[in-house]
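Below, each chain spelled out in residue letters.
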Amino acid sequence: MPDTPQIDNLIECHLDITSCEVDASTLLSQHSGLSKQVIKQAMQKGAVWHTHGKQVIRLRRAKKALKVGDKLHLYYNSHILAEVPATAQLMFDQGEYSLWYKPYGLRCQASKWSDHTTINRFIELNTEPPRSAYIIHRLDRAASGLIIIGHTKKATAAVAKLFETRQLDKFYQVIVQGCFTDNTVTINTQVDGKPALSHASLLQYNPELDQSKVQVKIESGRKHQIRIHMASIGHPVVGDRLHGNAAADAPDLKLCCCEFAFVCPVTAKPVQFSLPEALRPQFE
């Protein structure tokens, strides 16, 4: 039996396939009350899932063959599906992996409701010829900067290993409140109960704004690590509404991943990738 709770713009629909005579878009349209065209658009944006045995994947083709015993799942939220993804920029193409500039607002992690505002889906839809795009590491939705994307499973696993074994140097720039010390500061405050290590050094101080541009090298990769660490020493990141004191109408988060240095797992040669100055955080 279909389960279709609806709250304003939100519809969840879960169907057991008992006949193969009707296609997915028709079935979901019948049970959700949405038009077939809307269902097809939701499919393209990653809001429809197909369960076949133990396999659960996003369903994007309305004419996909279904079998008795399969299940269809619709997670429809009109607000989420109406979001327009920000535009990522290809900065360095290494063949089996590439580095992109992720702007504010573009996600690195999808949800059951959609994946159309993620950087990997953006790349899959906007490269010619089309390329597979695998997430290796993440930046917060509110952060910006360089992100490494894998294009083969082998390269993705190899680069991911560099992150796991800390054989990759990563440098960030943030603009924080207050006058930062001239000395390099090492911060080892735990994040979510786990060890975390950051090294922060002053690049520039703006006395008119009482803000400092700081370079941060992180030895670990905890969620919101830099934001938590900077706030813990009294220098919250400008625009941080979660861990800092930014107002709702504050500028975007001034946190950017600016540089990577590592031994390329494909060529076995040292490589260094730096973001142009124009894309780094600026005083406003």
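All of the points below concern the structure found in this document. What you see is a predicted model; the values in this text were computed from it and never measured. (Residues numbered from 1 in each chain as written. Predicted model: local features only at pLDDT ≥ 70, side-chain atom pairs only at ≥ 80, totals over all residues. Heavy atoms only, no water.)

**Side note on helix α6 (residues 225–232)**
Heads up, the rule is: Categorising residues by exposure relies on relative accessible area from a 1.4 Å probe, with only protein chains included: less than 20% of the type maximum marks a residue as buried, more than 50% marks it as exposed, and the intermediate range marks it as partly exposed. Per the convention used, a helix needs a DSSP run of H or I reaching at least four residues, while a strand needs a run of E reaching at least two, with both numbered from the N terminus. The contact criterion used is simple: two residues touch if any of their non-hydrogen atoms lie within 4.5 Å.
Three or more residues of α6 are buried, namely Gln225, Ile226, Arg227, His229 and Met230. Packing partners of the buried residues in α6 comprise β10 (168–177), β11 (185–187), β12 (198–206), β13 (211–218) and β14 (255–263). Just downstream of α6 lies Gly234, where phi reads positive at about 85°.

**Points about helix α5 (residues 153–164)**
Since the α-helix turns once every 3.6 residues, residues separated by three or four places project in the same direction. The line we're drawing: To estimate how far a helix should extend, the number of its residues minus one is multiplied by 1.5 Å. Working note: the arc is built from the helix axis to C-beta atom directions.
In this model, α5 (twelve residues) spans 16 Å end to end at C-alpha, consistent with the 16 Å of a helix rising 1.5 Å per residue. Of the residues making up α5, those classed as buried are Ala155, Thr156, Val159, Ala160, Leu162 and Phe163. Angularly, the buried residues of α5 cover 150° about the axis, an arc narrow enough to put them on a single face. Relative to its buried face, α5 has exposed residues pointing more than 90 degrees away, namely Lys153, Lys154 and Glu164. Tucked inside the fold, the buried residues of α5 contact β7 (97–102), β8 (134–135), β9 (144–150), β10 and β14. Within two residues after α5, Arg166 carries a phi angle of roughly 55°, on the positive side.

**Looking at the side chain of Ser220**
Counted only if it meets this: For the purposes of these results, a polar contact is taken to be a pair of N or O atoms within 3.5 Å, where, inside protein, one atom must be able to donate a hydrogen and its partner to accept one; residues adjacent in sequence count only when each atom of the pair is a side-chain atom.
Within the secondary structure, Ser220 is located in the loop between β13 and α6. Polar contacts involving the side chain of Ser220 include one to the main-chain amide nitrogen of Leu197, which spans 3.0 Å. Side-chain polar atoms of Ser220 contact the side chain of Gln225, separated by 2.9 Å. What Ser220 contacts, discounting residues up to four positions off in sequence, is Arg166, Lys170, Pro195, Ala196, Leu197 and Gln225.

**Description of unusual backbone geometry**
In this structure, Pro129 follows Glu128 across a cis peptide bond, with omega equal to -5°. You can see Pro129 is positioned in the loop between α4 (119–126) and β8. For Asp210, which is not glycine, the phi dihedral falls at a positive 55°. If you trace the backbone, Asp210 turns up in the loop between β12 and β13. Residue Asp210 is classed as partly exposed on the basis of its relative accessible area, which comes to 36%.

**A closer look at the pattern of salt bridges**
Convention followed: Salt bridges, as used here, are contacts in which a Lys or Arg side-chain nitrogen is within 4 Å of a carboxyl oxygen on Asp or Glu.
What the rule picks out here adds up to 13 salt bridges. A salt bridge links Asp140 to Arg227, with the nearest nitrogen and oxygen atoms 3.0 Å apart. Of this pair, Asp140 sits in the loop between β8 and β9 while Arg227 sits in helix α6, placing them 87 residues apart in sequence. Judged by its relative accessible area of 7%, Arg227 is buried. Between Glu284 and Lys254 there is a salt bridge; the shortest N-O distance is 2.7 Å. You can see Glu284 sitting in the segment after β15 (270–274) and its partner Lys254 sitting in the loop between α6 and β14, a full 30 residues away along the chain.

**Details of the pairing of β7**
For clarity, the threshold we go by: Pairing between two strands requires that DSSP report at least two bridges joining them.
Burial analysis of β7 places six of its six residues in the buried class, which makes it a mostly covered element. Residues Tyr97, Leu99 and Tyr101 line one face of β7 and the alternating positions Ser98, Trp100 and Lys102 line the opposite face, and both faces are buried. Relative to β7, strand β6 (residues 89–93) runs antiparallel, the two being bridged by four bridges. Looking across to β7, one finds that Asp93 is bridged to Ser98. Hairpin connection from β6 to β7: three residues lie between these consecutive antiparallel strands, with Gly95 at a positive phi of about 85°. Direction of pairing for β7 relative to β9: antiparallel, over a ladder of six bridges. Its bridge partner being in β9, Trp100 is matched across the sheet by Ile147.

**Some words on the nonpolar core**
Across soluble globular proteins, nonpolar side chains have a tendency to be buried as a group. Selection rule: For the purposes of this section, nonpolar cores are sets of buried Ala, Val, Leu, Ile, Met, Phe, Trp, Tyr and Cys residues that join through side-chain atoms within 4.5 Å.
One finds Tyr97, Ile119, Ile148, Val216, Met230, Phe260 and Phe262 to be the most contacted residues of the largest nonpolar core, which totals 47 residues. With six residues, the top contributor of residues to this core is β14. Apart from residues lying up to four places away in sequence, Phe260 is in contact with Leu99, His137, Leu146, Ile147, Ile148, Phe163, Leu168, Asp169, Lys170, Val271, Gln272 and Phe273. The next biggest cluster of nonpolar side chains, apart from the first, holds 20 residues, and it includes Cys13, Ala62, Leu66 and Leu72.

**Let's talk about the packing of helix α1 (residues 24–32) against helix α2 (residues 36–44)**
Relative orientation and spacing of two packed helices are given, respectively, by the angle between their axes and the distance between those axes. What counts is decided by this rule: Simply put, an axis is a line fit to the C-alpha atoms, just over the touching stretch for a helix, and the angle between two N-to-C directions goes from 0 to 180 degrees. We call a crossing left-handed when the near helix sits turned anticlockwise from the far one by less than a right angle, and right-handed when that turn is clockwise. Under the scheme applied here, ten amino acids are nonpolar (Ala, Val, Leu, Ile, Met, Phe, Trp, Tyr, Cys and Pro), four are charged (Asp, Glu, Lys and Arg), and all others, including Gly, are polar.
Where α1 meets α2, the axes come as close as 9 Å, and the angle between the chain directions of the two elements is 115°. Helix-helix and strand crossings are classified by hand; for α1 and α2 the assignment is right-handed. Contacts between α1 and α2 involve Ala24, Ser25, Thr26, Leu28, Ser29 and Ser32 from the first element and Lys36, Ile39, Lys40 and Met43 from the second. For the contact of α1 with α2, a count of residues per class yields four nonpolar, four polar and two charged.

**Here's the deal with the layout of surface pockets**
One simple way to see leftover space: roll a probe sized like a water molecule over the atoms. Rule in force here: Here a cavity denotes a set of grid points, spaced 1 Å apart and computed over the protein atoms alone, in which a 1.4 Å probe fits but from which it cannot get out, and a pocket denotes an open set meeting protein on both sides within 12 Å along at least five of seven lines; residues with an atom within 4 Å of a point are reported as lining. Grid points are joined across faces, edges and corners, and a volume is the space filled by probe spheres set on the points.
In this model, the largest pocket occupies a volume close to 700 Å³. Residue lining of the largest pocket: 25 residues in total, with Arg138, Leu139, Gly221, Arg222 and Lys223 positioned closest to the centre. Counting only elements with at least two residues in the lining of the largest pocket, the list comes to α5, β10 and α6. Counted by class, the lining of the largest pocket contains nine nonpolar, six polar and ten charged residues. The computed volume of the second largest pocket comes to approximately 210 Å³. When grouped by side-chain class, the residues that make up the lining of the second largest pocket number eleven nonpolar, two polar and four charged.

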